[in-house]
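Structure at a glance
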Amino acid sequence: MNATRTTERLLLRGLRAVRSGIRARLRRGMNGRVVPSLFGLFCFMIACQACLPSFAGESASAAGSGYRDVAWLGSRNWVWIAAQLHLLFGGFVLGVPIFAWVCELIGVRSGDPRYDKLAKEFTKLLTAAYSTTALLGAILLFMLIGFYPTFMNALSDVFYASYFIYVGLFLLETVTLYLYWYGWDMMSDRKGLHLFLGLLLNVFGFLIVIVANSWATYQNSPVVLPAGLSAWARTWAAAHNPTWWPLNIHRLIANVVLGGFLCGAYAGIRYLGAKTHEERAHYDWMGYIGNFIGIFGLLPLPFAGYWLTMEIYRYNQQMGITLMGGFLSWLFILQAVLIGVLFLGSNYYFWLGLAHRTEESQKYKKYILGFIVILLMCFGVWMTPHSMVASLQESRAIGGTHHPLLGVFGVMSAKMTVSNLMILVTFASFLMYWRANKIETVRWARAARVVPFVLISLAGLYVIWAGIYGYFVPAIVRIYVLSVSQVGTVIGTLILVSVLVMISMRGAKETTLHWGRMPMRAAYALVLNAIMVILLMGLMGYARSASRTHWHIYGVLEDTSPYAFSPALGDAALMMCSITFIFCLFVSFIFWVASLPSHADGKAGKGSLTRPMTAEKLPAH
Amino acid sequence: MKNYLKILVFVAVILWLFYYMASSIPQQASLPPVKEQLDPAQIKTKADLVNVGRKLFFGKGQCALCHTIGPSHGARAPNLEGVGAKLSREFIYESTTQPSKYIYMDYTASPPKPFPAQMPIINKPPVDLSGAELLAVIAFVQSLGGEVTVEPSELAAFLPPPVVKGDPDAGRLVFNKLECARCHQQLASILGKYTSKESLRAAVVRPAGVTAGAGGKEGKPPHFEFDRKLSVKDLDDLMAYLEGLQPATKPAATPAPPKGATGA
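Residues numbered from 1 in each chain as written. Chains lettered and ligands numbered in written order. Predicted model: local features only at pLDDT ≥ 70, side-chain atom pairs only at ≥ 80, totals over all residues.

Regarding the overall build of chain B
Operational definition: Runs of E in the DSSP output that reach at least two residues are strands. Runs of H or I that reach at least four are helices, and both are numbered from the N terminus. Around each residue's C-beta, the other C-beta atoms within 10 Å are counted; 20 or more make the residue buried, 12 or fewer make it exposed, and counts in between make it partly exposed. All C-beta atoms are placed from the backbone. Throughout, a residue-residue contact means that the two C-beta atoms, derived from backbone geometry, are no farther apart than 7 Å.
Within chain B, the secondary structure is distributed over 10 helices and 2 strands. Starting at the N terminus and ending at the C terminus, chain B contains elements arranged as α-α-α-β-β-α-α-α-α-α-α-α. Scored against the burial criterion, the 264 residues of chain B give a buried share of 24%. Sequence separation of 24 or more characterises 65% of the internal contacts of chain B that already satisfy a separation of 6 or more.

Have a look at this one:
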C-alpha cells in the first residue's frame, strides 16, 4: 500500500515538475532551465518502472557479492542506458563548442556577421544540453555506485586523484561556458577575448573527456601498478595506458563529427518547418555548414579507429581477435553498413547541392554517376563478411565457408582499400562542390583543374595496388607497412589538394549559389546522417565494452554478476535503437525549446537572434 | 510540430531497419567461461590427460582462437599439426608461459627483423590456466605427432592442500571431555587403519557401519550417533585433533611447474 502511494506521489511529482519546467521556460525563456523538466521526466520514468512488472528476475540487494540489482530491465541495462545517453550528450556538448568556435573564428576572420550568428545559435543549444549532460552523468554515477560497489571501489582505488582534476575541470568548463554564452553580446567589440574564452571552453572540454577516457581505457588495457606509488603517481600510471591516446584522438574527432551532423540535422528540421524563402535559405546554408564539418571530421576518423584497433592488438592479441575475428566480427559488418550509409548520405547531400544550388548542374551528372558506382562497389566490399552464413549444403556447393570470389573481399586488406577509396571519392565530391560556383583567375587555372584530378586518381591507384599486394605478404607487412602507407597517401593527398585548390581560388570569380532551393529529401538526408553517427557511437561503445568479455577490468577484476555476458548483436541493437530514440526525443525537446523566441528576442524584435539571412546576402560557403 | 512528428517517424523507421538487420545476422552471445575445476584425482592415464588438454585447448585456454591443427585459411598463429614431434616439453612450456622469450626472425623482411610473438601468457589473467591445466595442455600438444612425456602422477603436485576445518586444540579438549581414552588407549594404531578422512569421520559418527575394531563392553560403541550428540563445531575440532594424530602418509603439496628452457 505504501509502495503504491509512493509511486503515485512520484508520478504526480514528476508530472508537476515537467509541467512547471515547461511553463517556467515559456514564461522566462530558456537558458539552461531544462533541469526541472528533465528531473521531472526522470521521476516519471522511475515511477513508471516501479509500476511495471519485473522480467529481470528477483530484485536483490546483495552488496556482499559486490552487486545490486533492480527489477524490470536489470542493473546492467539501466547503466547501459544512462552511460550511452550521457556519452551521446557528452559528445554533443564537446562537439558543438568546437563547431561554434570554428564558425565564430571564420566570422571574425572573414568579417561576415552571419557566421557569428550561426555560432551563437548553436551555443544556445549548448546551454540546454550541458545541464542535461551533467544530470545524466550524475544519474550514471549514482547507478554505478549503487549497482557495482566493488567495481567502483576498485576503480576509485586507482583513480582517486583524478576525481579532483575532473571536478576542477568541470567547474572551469562551467564558468567558461557561462562567460562564453552570456558574454557573447557584451564582448561583441572584444572578439579576441571572446574567442579566447571559446578556446578555453574547448580545451577544458577536451581535458574533461581525456580524464574520463583514462577510466574507460584502463578497463580495457590496464597496466601493472607497482606497489608504493602515491595516489597521483598511481593515477597517472593507470591513465597512461596503451589505448588512452588512441581513444582520446578517436573521440575528439568523433565528437566533431557528431557535433557537425547534429547541427546539420537541426538545420534540416528547421528547413522543413521554414515558412519563408529567407528562412529556407538560412537553414539550407546552416545544413551545408553542419554537413561540411561532419564530413571534415569523418575523413580522418577511420584512420584514428585503425590506430586504436592496432593498439588493442598490440596490447592483447586475444582481445583484438575477440573484437575483429571472434564473436564481435559480425559487428563490423554492421559498422560497415552504417559508415557506408553515412558516406552515401553525405555525398548525396553534396550532389543535391550541386544539382539544386549551382548553375549548369547538368555537367556534374556523369561525375556523380561515376562516384555512385565507386561508392556502391566499395560499400559492397566493405560489408562482405569474412565467412558466409550458409547451410551445410550451400557451404559444400561453394567449397567451404569462404566464397571462392567474395571470400577475397572479407579480409582486412580489402576493407582498408575500400575505406580509403570512399574517403577519396567523398573528398572529390566536396572538391567538385567547392569549385562549382568559382572560376579560377590565376594564370595556371587549367593546371589547377587538372592536377587535383590527377593526384586523387594516382592516390586511388596506389591504394588499390597496395590493397592487392597485401594479399601476397605476411600480415605484419600488411598491417605496419601497406595499410599505413595507404592511410598516409590518402591524408597526404587530401592536404596537398586542399592547399592547391585554396591557392588557386584566390581572386576567383564567383557565381551565385541559390540557397533555399534544396528539396525536402535533403533535410531527411541530414537527419539520416545524424542517426547513423549516433548509432555508430552506440555500436562501437558496445564493441569496446564487449571486447573485455567477462571482465570489469580486463585480467584484473572479473565480472561475477549475473550480467557477466555480452548479449548477441540483435539484443544489443534493440538497446542501441531504444537509446538512440530516447536521445532523439531529448534532443528534439532541446531543439524545440531553443527554437522558442526568448524574452530578449521579443524586446529586440522578432528574430534578432535567429533572424534568417536573406538569400542575396548569404556567403558562398 | 507536424514536421517533428514526421522526423520522429522517419527516425523510428531507420532504427527499426537497423534492428532488423542486426537481428538477421548470426546471433552469438559471449558467455563467461564455465568455471570447471580440473580434478587431478580423476586423471588416471595419459589418454585422460590428453583429452583434458584438448578440451582446454579449444575451451578455457582459447588457444584455438589463433592456432589451428592442420592448414587453415583463417589461421593467425602457427599451425600446430605435428609439433609434438618437433618441440620439447620444456620448449612448449616456455612458449606458453613466456611467449616472447624465444624471438624468431622474420626472414620476409630485408634485413631480417626480430618477430616477437603476441601470444598471451596463458598462466596469467585473463586466460589464467592453473599448473595442472598447463600440464594437460602440454600433453595435448605433445600428442600432436609426438610422444606424451607428461605423467598423470605429476598432477599430484597440484592437488589442493587438505582443508582442516576444525581446531585441533579444541578437539583435544572434546576428546578428553568425552573420555575417549578410557577405551582407545592404542589410538595411533587404530587411526592408522583409516586411509581417508571420510572413513575416519564415518567411524566416529556411525561406528556401527564402518567400525574397524571391537565394540564396547555391551557389543555396542558408546559413542553411537555422535553426529546427533555433538555440535558441528565440536565434531570438526575432534576430527582435526584425530587427523593430527594419524601417521603422516601424504607429501606436502607444493606446486612445482615443469622446468622451463633458458631460451634464446
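The rest of the description comes next.
Observations concerning the overall build of chain A
Of regular secondary structure, chain A possesses 20 helices and 4 strands. In chain A, buried positions account for 46% of the 621 residues. Of the contacts formed within chain A by residues at least 6 apart in sequence, a portion of 79% connects residues at least 24 apart.

A closer look at the confidence of the model for chain A
In regions of low pLDDT, the predicted coordinates are not meant to be interpreted in detail. Residue and element names in this part refer to chain A. To keep things clear, this is the line we draw: Known as pLDDT, the predictor's per-residue confidence is scaled from 0 to 100.
Averaged over every residue, the pLDDT of chain A is 83; the share at 70 or more is 83%. The element-level mean pLDDT for chain A is lowest in helix 1 (residues 2–28), coming to 46, with helix 6 (residues 191–220) highest at 95. Within the model, pLDDT remains below 50 along residues 47–63, and this stretch shows 25 contacts once partners closer than five positions in the same chain are excluded. Under a pLDDT of 50 for its full length, residues 602–621 has, in the predicted model, 34 contacts with residues more than four places off or in other chains.

Considering the domain arrangement of chain A
All names here are of chain A. How we decide: The start and end points of each domain follow an automatic or database-based domain assignment.
Entries for chain A in the domain assignment read domain 1 (1–53), domain 2 (87–346 + 514–621) and domain 3 (360–386 + 408–436 + 438–510). On a C-alpha basis, the centres of domain 2 and domain 3 stand 27 Å from each other. Taken together, the 17 residues of domain 2 in the interface contact 18 residues of domain 3. Secondary-structure elements contributing two or more residues to the side of domain 2 that touches domain 3 are helix 10 (301–315) and helix 12 (331–357).

Let's talk about the interface of chain A and chain B
For the record, the criterion: Think of it as three bins: nonpolar holds Ala, Val, Leu, Ile, Met, Phe, Trp, Tyr, Cys and Pro, charged holds Asp, Glu, Lys and Arg, and polar takes everything else, Gly as well.
Listed as interface residues are 45 residues of chain A and, on the opposing side, 34 residues of chain B. Those elements that place two or more of their residues in the side of chain A that touches chain B are helix 8 (244–272), helix 11 (317–324), helix 12, helix 17 (475–504), helix 18 (520–546) and helix 19 (569–595) of chain A. With 10 residues, the single largest contributor to the side of chain A that touches chain B is helix 19 of chain A. A breakdown of the residues in the side of chain A that touches chain B according to their chemical character gives 32 nonpolar, 13 polar and no charged.

Quick look at the packing of helix 4 (residues 113–147) of chain A against helix 5 (residues 149–182) of chain A
Residues and elements named next belong to chain A. To keep things clear, this is the line we draw: As a rule, the C-alpha atoms of each element are fitted with a line to give its axis, helices using only the stretch in contact, and angles between N-to-C directions run from 0 to 180 degrees. When describing relative orientation, an angle under 35 degrees is termed roughly parallel and one over 145 degrees roughly antiparallel, while 65 to 115 degrees is termed roughly perpendicular and anything else oblique. A clockwise turn of the near helix away from the far one marks a right-handed crossing, whereas an anticlockwise turn of less than a right angle marks a left-handed crossing.
Running from N to C, helix 4 and helix 5 cross one another at 165 degrees; their axes reach a closest spacing of 13 Å. Relative to helix 5, helix 4 is oriented roughly antiparallel. In the packing of helix 4 onto helix 5, the handedness of the crossing is left-handed. Residues Thr123, Thr127, Tyr130, Leu144 and Ile145 of helix 4 touch helix 5, and the partners they reach there are Pro149, Met152, Leu177, Tyr180 and Trp181. In terms of residue class, the contact of helix 4 with helix 5 is made up of 8 nonpolar, 2 polar and no charged.

So, helix 4 (residues 131–143) of chain B
Residue and element names in this part refer to chain B. Rules: Given the number of residues in a helix, its expected span is that number minus one, multiplied by 1.5 Å.
When the terminal C-alpha atoms of helix 4 are compared, their 19 Å separation across 13 residues agrees well with the 18 Å that a helix rising 1.5 Å per residue should span. Most of helix 4 is tucked away, with 11 of its 13 residues classed as buried. Along helix 4, the residues classified as buried are Ala132, Glu133, Leu134, Leu135, Ala136, Val137, Ile138, Ala139, Phe140, Val141 and Gln142. Considering only its buried residues, helix 4 is in contact with helix 2 (46–58) and helix 3 (89–97). Remark: Gly145 follows helix 4 within two positions and exhibits a positive phi of approximately 100 degrees.

Notes on the nonpolar core
The condition is simple: Note on terminology: a nonpolar core is a set of buried residues of type Ala, Val, Leu, Ile, Met, Phe, Trp, Tyr or Cys, with members joined through C-beta atoms within 7 Å.
Formed by 172 residues in total, the largest nonpolar core has its most connected members in Val527(A) and Val533(A). The biggest single contributor to this core is helix 3 (residues 75–110) of chain A, with 19 residues. Structurally, this core is a two-domain feature, drawing no fewer than three residues from each of domain 2 (87–346 + 514–621) and domain 3 (360–386 + 408–436 + 438–510) of chain A. Not counting residues up to four positions away in its chain, the partners in contact with Val527(A) are Ala265(A), Gly268(A), Ile269(A), Ile7(B), Phe10(B) and Val11(B). If you look at the next biggest cluster of nonpolar residues, it comprises 28 residues, including Leu80(B), Ala132(B), Val141(B) and Leu144(B).

Thoughts on the confidence of the model for chain B
All names here are of chain B. In this model, chain B carries an average pLDDT of 77, and 75% of its residues clear a pLDDT of 70 or more. Element-level pLDDT for chain B is lowest in helix 8 (residues 207–210), with a mean of 55, against a maximum mean of 93 in helix 4. Segment residues 210–218 is flagged for pLDDT under 50; beyond a separation of four residues in sequence, or across chains, it makes 14 contacts in the model. The model gives residues 250–264 a pLDDT under 50, and that stretch makes 28 contacts with residues more than four places away or in other chains. Under the prediction, the complex receives an ipTM of 0.82, its pTM being 0.74.

What about helix 10 of chain A?
The terminal C-alpha atoms of helix 10 of chain A, which comprises 15 residues, lie 21 Å apart, in line with the 21 Å expected from a rise of 1.5 Å per residue. Elements in contact with the buried residues of helix 10 of chain A: helix 8, helix 9 (277–298), helix 11 and helix 17 of chain A.

Examining unusual backbone geometry
At Thr549(A), a position not held by glycine, the phi torsion is positive, near 50 degrees. Positionally, Thr549(A) belongs in the loop between helix 18 and strand 3 (551–553). The class for Thr549(A) is buried, based on 24 C-beta atoms found within 10 Å. If you check the backbone angles, Asp128(B) has positive phi at about 60 degrees while not being a glycine. Among the structural elements, Asp128(B) can be located in the loop between strand 2 (113–115) and helix 4.

Description of the packing of helix 8 of chain A against helix 18 of chain A
Residue and element names in this part refer to chain A. Packing of helix 8 against helix 18 brings their axes to within 8 Å, and their N-to-C directions diverge by 150 degrees. The orientation of helix 8 relative to helix 18 falls into the category roughly antiparallel. Relative to helix 18, helix 8 is oriented so that their crossing is left-handed. The segment helix 8 lies against helix 18, with Ala254, Val257, Leu258, Phe261, Leu262, Gly264, Ala265, Ala267, Gly268, Ile269, Tyr271 and Leu272 engaging Met520, Ala523, Leu526, Val527, Asn529, Ala530, Val533 and Met537. Of the residues belonging to the contact of helix 8 with helix 18, the class tally is 17 nonpolar, 3 polar and no charged.

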